[in-house]
Amino acid sequence: MSENSGLIYLDNNATTKVDKKVVEAMIPYFSNEYGNPSSIYELAHTAHNALSHSREIIKEFFGAKNELEIIFTSCGTESANAAIRGVTEANPNKRHIITTKVEHPCVLNTVKEFEEKGYRVDYLNVDENGELLVDELKNLVNDNTALVAIMAANNETGAIYPYEEAAEITKSINPDTKVFVDAVQAAGKIKLDVKNTKVDLMGISGHKFHAPKGVGAMYVKKGTIIKPYMTGGHQERALRGGTENVPYIVGMARAAELAMSALEFENKIVKELRDMLEEGILKNVKNAKLNSRTKNRVPNTTNIGFEYIEGELILLHLDKLGICASSGSACTSGSLEPSHVLRAMKTPFTSLHGSIRFSLSRFTTKEEIDYVVKNMPIVIKKLAKISPFQKELTEIFSE
Ligand code: PLP
């Protein structure tokens with residue numbers, strides 16, 4: 001269980017541990033270099049320079065052309081809100097939005113608000129492997145389309161979506177339609193190269209790649225007009241008022257640097273461990289089914305359904321063993337809602353409620369994976385004994 005404080009943390013798509021090197025980079029900007037980057041004296045210059053340097057690094061992280069295209073925000077949710085509201089409100093005559101059925105709630109709930117105001121919203125489908133049916137865009141983009149919002153990688157399944165192709169299709173039909181990509185789960189896991197795409201806006205969040213919670217960024221392609229959804233001072237080219245959170249931005253930039261420098265090497269190792277976990281569970285647990293069977297997945301994520309077993313119970317038992325993972329269900333107002341992503345994939349009801357997402361990081365070790373693979377059959381067998389589906393489970397386990 002190594003340096004990970006006795007816990008086996010396999011919920012890195014929810015949040016990540018802050019890298020010690022990131023903390024080190026941030027510390028001077030709390031009590032020593034605490035100036036407001038917009039002030040004019042020497043103390044402020046240091047903060048201003050740290051901000052400029054961080055912007056340069058985050059520009060590289062997005063693969064953008066110009067650091068003026070980078071706006072610092074507080075999180076992925078803010079980036080999505082700023083993009084969706086910013087584009088639609090700058091183009092009030094266009095009242096059509098296209099997104100997917102499997103976006104994060106920060107996109108789905110924001111476009112829902114526009115739907116309630118009378119906008120038409122179309123939702124792209126995914127297939128049962130979790131792949132996005134991007135060709136559906138060809139029949140949907142029209143003169144009235146203000147925005148297409150597509151995620152780069154899905155938080156629940158890890159499936160990578162062809163957002164570059166989506167942007168190509170969109171622009172070939174209506175060059176004025178803006179394309180926003182929620183790259184929160186892609187940043188730090190796959191290389192971003194936004195300048196070589198037709199994407200107009202992209203959002204990321206620091207805490208998904210070993211920076212702290214509460215800091216994010218947005219790419220806004222030069223020439224893209226958006227209405228600032230947060231008005232205030234002139235900060236961030238007047239697109240996002242509010243004094244910049246210098247220590248956290250410095251931390252996010254350091255985390256981005258670390259992610260970029262080791263991307264290929266670390267992801268090879270993370271992928272090997274993920275595959276080991278996936279194969280181990282699928283081999284040793286008879287009612288386990290892989291939910292996202294696409295090869296095109298971020299290297300750290302797997303989503304596995306355990307037929308006829310309740311996901312929340314699996315999580316509680318794993319927690320007792322010091323293993324953190326996440327279920328496809330979200331506990332909303334006391335009722336267990338199956339995941340909208342798995343439902344969109346038409347995951348059979350037999351495993352819909354018993355799906356578990358395991359998401360690894362560069363801090364995951366082989367010993368940890370071995371421990372999970374060893375314990376998973378024990379947990380599932382224990383839960384199978386108390387499942388109301390005795391007949392079905394007896395059949396599966398006696399095969
Ligand atoms: N988009 C995706 C795909 C996510 O997975 C998340 C968080 O889980 C978000 C957006 C929201 O990010 P934040 O927590 O920084 O608001």
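Placed above this text is the structure.
Residues numbered from 1 in each chain as written. Predicted model: local features only at pLDDT ≥ 70, side-chain atom pairs only at ≥ 80, totals over all residues. Heavy atoms only, no water.

**So, helix H7 (residues 246-284)**
Phase 1 of the analysis: Over its 39 residues, H7 extends only 48 Å from the first C-alpha to the last, a length that falls short of the 57 Å expected when each residue adds 1.5 Å.
Phase 2 of the analysis: At Leu-263, H7 is deflected by roughly 75°, the largest bend along its length. (Helix = DSSP H or I, 4+ residues; strand = E, 2+ residues; numbered from the N terminus. Expected span 1.5 Å × (residues − 1). Bend = angle between axes of the 7 residues up to and from the residue.)

**Description of the packing of helix H11 (residues 366-385) against helix H12 (residues 390-398)**
Phase 1 of the analysis: One way to put it is that H11 packs onto H12 with a least axis distance of 10 Å and a crossing angle of 145°. Seen from H11, the contacting residues are Ile-380, Ala-384 and Lys-385; seen from H12, they are Gln-390, Leu-393 and Phe-397. (Axes fitted to C-alpha atoms, helices over the stretch in contact; angles between N-to-C directions. Contact = heavy atoms within 4.5 Å.)

**Some words on the layout of surface pockets**
Phase 1 of the analysis: Computed from the structure, the second largest pocket encloses a volume of approximately 250 Å³.
Phase 2 of the analysis: Along the wall of the second largest pocket there are 14 residues; nearest its centre are His-48, Leu-51, Arg-55, Glu-236 and Glu-244.
Phase 3 of the analysis: Counting residues per element, the lining of the second largest pocket draws most heavily on helix H3 (residues 42-62), at four residues.
Phase 4 of the analysis: Of the residues that constitute the lining of the second largest pocket, the class distribution is four nonpolar, five polar and five charged. (1 Å grid on protein atoms, 1.4 Å probe; cavity = no way out; pocket = protein on both sides within 12 Å on 5 of 7 lines; lining within 4 Å. Points joined across faces, edges and corners; volume = space filled by probe spheres on them. Nonpolar A, V, L, I, M, F, W, Y, C, P; charged D, E, K, R; others polar.)

**Some remarks on a nonpolar patch on the surface**
Phase 1 of the analysis: A contiguous nonpolar surface patch, about 270 Å² in accessible area, is contributed by Val-23, Ile-27 and Phe-30.
Phase 2 of the analysis: Relative to the helices and strands, Ile-27 resides in the loop between helix H1 (20-26) and helix H2 (28-31). (Patch = residues over 30% accessible without salt bridge, like charges linked within 9 Å, V, L, I, M, F, W, Y side chains within 5 Å. Areas by Shrake-Rupley, 256 points an atom, 1.4 Å probe, with all protein chains shown as cover. Salt bridge = Lys/Arg side-chain N within 4 Å of Asp/Glu carboxyl O.)

**A word on the packing of helix H8 (residues 311-320) against H11**
Phase 1 of the analysis: At their nearest, the axes of H8 and H11 sit 10 Å apart, and the two run at 130° to each other. As the angle between them shows, H8 and H11 are arranged oblique. Crossing angle aside, the handedness with which H8 passes H11 is right-handed. Residue-level inspection shows Leu-313, Ile-314, His-317 and Leu-318 of H8 in contact with H11, the latter providing Met-376, Val-379, Ile-380, Lys-382 and Leu-383.
Phase 2 of the analysis: Of the residues in the contact of H8 with H11, the class split is seven nonpolar, one polar and one charged. (Parallel < 35°, antiparallel > 145°, perpendicular 65-115°, else oblique. Left-handed = near helix turned anticlockwise from the far one by under 90°.)

**Overview of helix H4 (residues 76-90)**
Phase 1 of the analysis: When the terminal C-alpha atoms of H4 are compared, their 21 Å separation across 15 residues agrees well with the 21 Å that a helix rising 1.5 Å per residue should span.
Phase 2 of the analysis: Across the 15 residues that make up H4, a large majority, twelve, are buried.
Phase 3 of the analysis: Buried residues of H4: Gly-76, Glu-78, Ser-79, Ala-80, Asn-81, Ala-82, Ala-83, Ile-84, Arg-85, Gly-86, Val-87 and Thr-88, and no others. (Buried < 20%, exposed > 50% of the residue type's maximum accessible area, 1.4 Å probe, protein only.)

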